[in-house]
Amino acid sequence: MITRSNLADQLREYQIRSKYDWASVSFFSSTASVNSSRVDVVVLVIWELFILAFLVFSAVSLYFRYMRLAFCLICIGILLLVCLKITKQVKLARKRKRRMLLPLSM
């Protein structure tokens, strides 16, 4: 049975979960601003640094004419980018599902 105290508790938990409003720092982000915690932002920046490093190393290996190494590094960079997109979609789906648990009106 839904009571006013249960709704107030759910609202309080929802407000605690969405406490941090960070602008998305991702170049690859599909939305301009996503509510995310500091940990999410740090993980996102680390992923992007790995992708950038693989792209830079592949450019350097192309300069020195190591074609196989450049191809492998580009493939790894693309794989990391795809993994980044998949993890973002999974996290957004979880947030949407959690948001739907909260009743809209009291």
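Counting restarts for each chain, with residues numbered from 1 along the sequence as it is written. Totals for whole chains, interfaces and linings use all residues, but because this is a predicted model, local features are given only for residues with pLDDT of at least 70 and pairs of side-chain atoms are given and counted only at 80 or more. The side-chain values count all of the structure's non-hydrogen atoms but skip hydrogen atoms and water molecules.

What follows deals with helix H2 (residues 38-63). Here a helix means four or more residues in a row that DSSP labels H or I, a strand means two or more in a row labelled E, and each is numbered from the N terminus. By this rule the span expected of a helix is its residue count minus one, scaled by 1.5 Å. Here H2 contains 26 residues, and its C-alpha end-to-end distance of 37 Å stays within 8% of the 38 Å for a straight helix at 1.5 Å per residue. A simple rule labels every residue: compare its accessible area, found with a 1.4 Å probe on the protein chains alone, to the largest value its type can have, and call it buried under 20%, exposed over 50%, or partly exposed in between. Residues of H2 that are buried include every one of Val41, Leu44, Glu48, Ile51, Ser58 and Ser61, and no others. For this analysis, residues touch if any pair of their heavy atoms sits within 4.5 Å. The elements touched by buried residues of H2 are helix H3 (67-101). Arginine 65 lies just past H2 and shows a positive phi near 65°.

Between the rings of Phe, Tyr and Trp (Trp by its six-membered ring), a pair exists once the centres lie within 6.5 Å; its type follows the angle of the planes, with under 30 degrees stacked, over 60 edge-to-face, and the other angles tilted. Applying the stated rule across the entire model yields one aromatic pair. Taken together, a centroid distance of 5.1 Å and an interplanar angle of 75° make the contact between tyrosine 63 and phenylalanine 64 edge-to-face. Exposure remark for tyrosine 63: the relative accessible area of 65% places this residue in the exposed category. Overall, phenylalanine 64 belongs to the exposed group, its relative accessible area being 52%.

With numbering matched to this structure, UniProt assigns "transmembrane region" (unreviewed entry) to residues 41-60 and 66-87. For residues 41-60, the end-to-end C-alpha separation is 28 Å, with 100% helix and 0% strand making up the annotated structure. Between the C-alpha atoms that bound residues 66-87 there is a distance of 32 Å. The span itself is 95% helix and 0% strand. UniProt positions are given in the numbering used here, feature names are shortened, and annotations may be inferred rather than shown by experiment.

Axes here mean lines fitted to C-alpha atoms, for a helix over just the part in contact, with angles spanning 0 to 180 degrees between N-to-C directions. At a minimum axis distance of 8 Å, the contact between H2 and H3 shows a crossing angle of 165°. By the criterion of interaxial angle, the relationship of H2 to H3 is roughly antiparallel. Our pair here, H2 against H3, has a crossing hand that is left-handed. Any residue outside Ala, Val, Leu, Ile, Met, Phe, Trp, Tyr, Cys, Pro, Asp, Glu, Lys and Arg is labelled polar, Gly included; the first ten of those are nonpolar and the last four are charged. Per-class residue counts for the contact of H2 with H3 are 17 nonpolar, three polar and five charged. We call two directions roughly parallel when the angle between them is under 35 degrees, roughly antiparallel when it is over 145, roughly perpendicular when it lies between 65 and 115, and oblique otherwise. What makes a crossing left-handed is the near helix being turned counterclockwise from the far one by less than a right angle; a clockwise turn instead makes it right-handed.

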